Amino acid sequence: MSSKDAPPPLPEPLGVPVADSHTHLDMQSGTVEEALAKAAAAGVDTVVQVGCDLKGSRWAAETAAAHPQVHAAVALHPNEAPRIVLGDPDGWSRQGAREAGGDAALDDALAEIDRLAALPEVKAVGETGLDFFRTGPEGIAAQERSFRAHIEIAKRHGKALVIHDREAHDDVLRILAEEGAPERTVFHCYSGDAGMARICADAGYHMSFAGNVTFKNAQPLRDALAVAPLDLVLVETDAPFLTPVPYRGRPNAPYLVPITVRAMARVRGIDEEAMSTAIAVNTARAFDY
Ligand SMILES: [Zn+2]
Ligand SMILES: [Zn+2]
């Protein structure tokens with residue numbers, strides 16, 4: 001294994017344990033038990049495991065049921081919904097998907113998300129939202145229909161809503177306002193600027209910051225973190241993606257959360273303990289565990 005692919009070393013553990021509010025353990029190497037033990041050794045005592053399709057959502061619920069420190073979020077990812085309706089451009093033909101009744105297939109998949117959302121170990125519906133980076137214009141209708149359905153499911157079950165917003169800030173905010181956001185809404189991997197952070201603050205939306213807040217070119221993100229109300233700020237890895245500096249490009253995992261927490265504390269001008277304490281309280285409130 002070259003050093004580029006090697007897992008970064010265990011950081012100095014946090015004095016006050018926090019939660020990784022968004023991770024994908026099913027996309028990381030090693031077992032769930034190993035990941036949780038390593039996270040705990042770094043002062044990361046809780047993780048929210050996020051499903052992106054039916055298989056991943058079922059797995060998230062099962063994993064949360066088996067581990068008290070894991071909570072599940074279930075959804076069809078914004079890039080998954082168009083695949084269900086239109087067919088996977090890399091797989092079976094789009095024509096085939098239409099003939100199979102793509103909208104009906106999406107309804108069937110949403111019914112299964114609805115069923116999973118009722119489970120007590122499932123604390124959130126998401127990640128859902130809009131992704132104009134990966135999904136082209138032909139997929140927008142399916143993406144939006146799926147997003148609106150997830151909002152409705154979250155509200156009906158009284159669960160948190162986890163938002164994936166990639167290059168779609170205005171439309172995500174508009175649809176949330178049109179549908180009426182659930183009481184607890186989390187923008188995962190928050191990617192807006194300070195202006196959007198003020199809009200989220202007014203609406204009471206939580207903003208979860210990932211390792212990219214440490215990236216050199218991410219000053220707008222740090223400006224957003226600086227103005228966000230402290231009681232709406234969360235931290236996440238979105239692992240295996242977005243590994244914080246100085247390990248950018250190497251595999252990410254929940255045990256690396258302390259690096260991002262320390263960077264966030266510096267941006268806020270508060271000590272690590274105050275940052276960790278706020279994050280721990282905020283995450284428990286956002287996901288109601
Ligand atoms: Zn996402
Ligand atoms: Zn994610």
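Use the structure listed above.
Below is a short write-up of the structure.

**A closer look at the side chain of His 77**
Part 1: On the secondary structure map, His 77 appears in the loop between β3 (70–74) and α3 (80–86).
Part 2: According to the relative accessible area criterion, His 77 is buried, its value standing at 12%.
Part 3: Only 3.0 Å separates the side chain of His 77 from the backbone nitrogen of Asn 79, close enough to count as a polar contact.
Part 4: If we ignore the near neighbours within four places in the chain, the residues touching His 77 are Cys 52, Glu 127, Asp 131 and His 164.

**What to know about the pairing of strand β1 (residues 18–23)**
Part 1: The element β1 is extensively covered by neighbouring structure, given that 6 of its 6 residues are classed as buried.
Part 2: The pairing of β1 with strand β2 (residues 44–50) spans 4 bridges and is classified as parallel. The partner of Ala 19 across the bridge, within β2, is Thr 46.
Part 3: Handedness of the β-α-β unit built from β1, helix α1 (residues 32–41) and β2 comes out right-handed.

**So, the nonpolar core**
Part 1: Formed by 65 residues in total, the largest nonpolar core has its most connected members in Leu 176, Phe 187, Tyr 190, Phe 209 and Met 264.
Part 2: A per-element tally of this core places helix α5 (residues 102–117) first, with 6 residues.
Part 3: With near-sequence residues (within four places) excluded, Phe 187 lies in contact with Ile 163, Asp 165, Val 172, Leu 173, Leu 176, Met 196, Cys 200, Tyr 205, His 206, Met 207 and Ser 208.
Part 4: Counting 10 residues, the second-largest nonpolar core is a separate cluster that includes Ala 160, Val 162, Leu 234 and Phe 287.

**Thoughts on the environment of Ala 72**
Part 1: The residue Ala 72 is located in strand β3 in this model.
Part 2: Residues Ala 72 and Ile 140 lie 68 residues apart in sequence; the distance between their C-alpha atoms is 26 Å.

**A closer look at the coordination of the zinc ion (ligand 1)**
Part 1: Bound to the zinc ion (ligand 1) on the protein side are Glu 127 (OE), His 164 (ND1) and His 188 (NE2), at distances that span 1.9 to 2.1 Å.
Part 2: Each donor residue of the zinc ion (ligand 1) lies on one chain, and together they are spaced E-x36-H-x23-H.
Part 3: The metal-metal distance between the zinc ion (ligand 1) and the zinc ion (ligand 2) is 3.5 Å, with Glu 127 serving as a donor to both. Within this pair, whereas His 164 is found in strand β5 (residues 160–166), its partner His 188 is found in the loop between β6 (185–187) and α8 (194–203), the two being separated by 24 residues in sequence. Taken as a pair, His 164 and His 188 share a single burial class, namely buried.

**Observations regarding the coordination of the zinc ion (ligand 2)**
Part 1: Only His 22 (NE2), His 24 (NE2), Glu 127 (OE) and Asp 238 (OD) from the protein coordinate the zinc ion (ligand 2), and they sit 2.1 to 2.5 Å from it.
Part 2: One way to put it: the 4 donor atoms around the zinc ion (ligand 2) meet at angles of 87 to 175 degrees, and that makes the site irregular.
Part 3: Here the donor residues of the zinc ion (ligand 2) are spaced in sequence according to H-x1-H-x102-E-x110-D.
Part 4: For Asp 238, a relative accessible area of 9% gives the class buried.

Rules used in this analysis
Residues numbered from 1 in each chain as written. Chains lettered and ligands numbered in written order. Predicted model: local features only at pLDDT ≥ 70, side-chain atom pairs only at ≥ 80, totals over all residues. Heavy atoms only, no water. Helix = DSSP H or I, 4+ residues; strand = E, 2+ residues; numbered from the N terminus. Buried < 20%, exposed > 50% of the residue type's maximum accessible area, 1.4 Å probe, protein only. Polar contact = N/O pair within 3.5 Å; in protein donor to acceptor, adjacent residues only side chain to side chain. Contact = heavy atoms within 4.5 Å. Pairing = 2+ DSSP bridges. Right-handed = clockwise from strand over helix to strand, strands pointing away. Core = buried A, V, L, I, M, F, W, Y, C linked by side-chain atoms within 4.5 Å. Donors = N, O, S within 2.8 Å, 3.2 Å for Na, K, Ca; no water. Tetrahedral: all angles 85-135°; square planar, octahedral: opposite > 155°, others 65-115°.

Taken by themselves, the reported measurements are silent on function.
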